[in-house]
Amino acid sequence: QKEVEQNSGPLSVPEGAIASLNCTYSDRGSQSFFWYRQYSGKSPELIMSIYSNGDKEDGRFTAQLNKASQYVSLLIRDSQPSDSATYLCAVNPVSGANNLFFGTGTRLTVIP
Amino acid sequence: GAGVSQTPSNKVTEKGKYVELRCDPISGHTALYWYRQSLGQGPEFLIYFQGTGAADDSGLPNDRFFAVRPEGSVSTLKIQRTERGDSAVYLCASSLTGTGARSGANVLTFGAGSRLTVL
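Described in the following lines is the structure provided in the data block. None of these values were measured; they are calculated from a predicted model.

Thresholds, definitions, all that
Residues numbered from 1 in each chain as written. Chains lettered and ligands numbered in written order. Predicted model: local features only at pLDDT ≥ 70, side-chain atom pairs only at ≥ 80, totals over all residues. Heavy atoms only, no water. Helix = DSSP H or I, 4+ residues; strand = E, 2+ residues; numbered from the N terminus. Rg over C-alpha atoms; globule rule 2.2 N^0.38 Å. Buried < 20%, exposed > 50% of the residue type's maximum accessible area, 1.4 Å probe, protein only. Contact = heavy atoms within 4.5 Å. Pairing = 2+ DSSP bridges. Disulfide = S-S within 2.5 Å. Core = buried A, V, L, I, M, F, W, Y, C linked by side-chain atoms within 4.5 Å. Salt bridge = Lys/Arg side-chain N within 4 Å of Asp/Glu carboxyl O.

On to the overall build of chain B. From N to C terminus, chain B includes 0 helices and 11 strands. Rg of the C-alpha trace for chain B: 14 Å, near the compact-globule value of 14 Å for 119 residues, within the 12% margin. Expressed as lengths along the three principal axes of its C-alpha atoms, the size of chain B is roughly 40 × 25 × 25 Å. A buried classification covers 47% of the 119 residues belonging to chain B. Contacts in chain B between residues far apart in sequence, at least 24 positions, make up 56% of those at least 6 positions apart.

On to the pairing of strand β11 (residues 106-111) of chain A, then. Residues and elements named next belong to chain A. Across the two faces of β11 the burial differs, with T106, L108 and V110 buried and R107, T109 and I111 not buried at all. Across 4 bridges, the pairing between strand β2 (residues 11-14) and β11 is parallel. Within β11, the residue paired with L11 across the bridge is L108.

Attention now goes to the state of the cysteines. A covalent bond bridging the sulfur atoms of two cysteines is what the word disulfide describes. Enumeration according to the criterion identifies 2 disulfides over all chains in this entry. Disulfide pairing is shown between C23(A) and C89(A); the S-S distance is 2.1 Å. Because the torsion about its S-S bond is -70 degrees, the bridge between C23(A) and C89(A) counts as left-handed. Placement of the pair is C23(A) in strand β3 (residues 19-25) and C89(A) in strand β9 (residues 85-92), with a sequence separation of 66 residues. Each member of the pair, C23(A) together with C89(A), is buried. Each sulfur of the disulfide joining C23(B) and C92(B) lies 1.9 Å from the other. Residues C23(B) and C92(B) are joined through a disulfide that is left-handed, its torsion about the S-S bond being -70 degrees. Remark: C92(B) occurs in strand β9 (residues 88-95) and C23(B) occurs in strand β3 (residues 19-24); sequence separation between them is 69 residues. Judged by relative accessible area, which is 0%, C92(B) ranks as buried.

Next up on the list: the environment of A90(A). All names here are of chain A. Considering the arrangement of structural elements, one finds A90 in strand β9. With 12 residues separating them along the chain, A90 and F102 place their C-alpha atoms 4.3 Å apart. Leave out the neighbours within four places in its chain, and A90 touches S32, F33, F34, Y36, L100, F101 and F102.

Below, the discussion takes up the environment of S95(B). Tracing the chain through its elements places S95(B) in strand β9. By relative accessible area, which is 0% here, S95(B) ends up buried.

Side chains of nonpolar character tend, in soluble globular proteins, to be buried together. In terms of nonpolar packing, the biggest core is built from 23 residues, with W35(A), V72(A), L74(A), I76(A) and Y87(A) touching the most fellow members. Secondary-structure elements contributing two or more residues to this core are β3, β4 (32-38), β5 (45-50), β7 (61-66), β8 (71-76), β9 and β11 of chain A. Grouped together as the second largest cluster of nonpolar side chains are 20 residues, L32(B), L60(B), A67(B) and L77(B) included.

The final tally for this structure, using the stated rule, is 6 salt bridges over all chains. A salt bridge links E57(A) to R77(A); the shortest N-O distance between them is 3.4 Å. Of the two residues, E57(A) is situated in strand β6 (residues 54-58) and R77(A) in the loop between β8 and β9; the sequence distance between them amounts to 20 residues. Judged by its relative accessible area of 25%, R77(A) is partly exposed. Between R64(B) and E83(B) there is a salt bridge whose closest N-O contact spans 3.5 Å. Taken together, the positions of R64(B) in the loop between β6 (53-56) and β7 (65-68) and E83(B) in the loop between β8 (75-79) and β9 put the pair 19 residues apart, joining distant regions of the chain. Sharing partners across several salt bridges, the network here consists of R64(B), E83(B) and D86(B).

These results come straight from atomic positions and should not be treated as a statement about function.
This is the structure in structure tokens:
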């Protein structure tokens, strides 16, 4: 079992819709969770970080964390064509450990 | 510097050759990471430095791979006797502290990567 699992997609949504990206992780002791966006041919850039159960909102982005279910998600409201990219879920597996495991990423396409 | 700088951006080499990839992290960042990303995959952890020392090198695939950070700033990833399977984008990232800290200080900022092609 991989440390971090994501549906590779592709996920296609129409412009203005909500895009929902999901991620599960295997280490129940994981403490820090991140969503990175990666445009084709570019390096990953941080979108959101979340450390506690519940929702965290930043503009059109909402990260949701459920540690009991070992599940973290990213919602993108009012999706724009510029949101088309691969979204990487990353998890710090154990508190104090200095490592970050990435999922394979979900490719999102927002159709104008 | 203002961001994480990696050189070269592209490197084409022949099987069996030696390669060095350089990373210059954000000034003041004590933590430095090397990742490898193959097409269609997420970044794969290779090694983590805290200051000058390699705090975690568990991701290095074999003894052909080695990395140093002698002065706690610039790091060099060294690959000996390259193989075609080493072809990938090698990403360097830095953070103010290690990822264990539950704060913004643990956020990784990535460089643009070095694309290695082994023929």
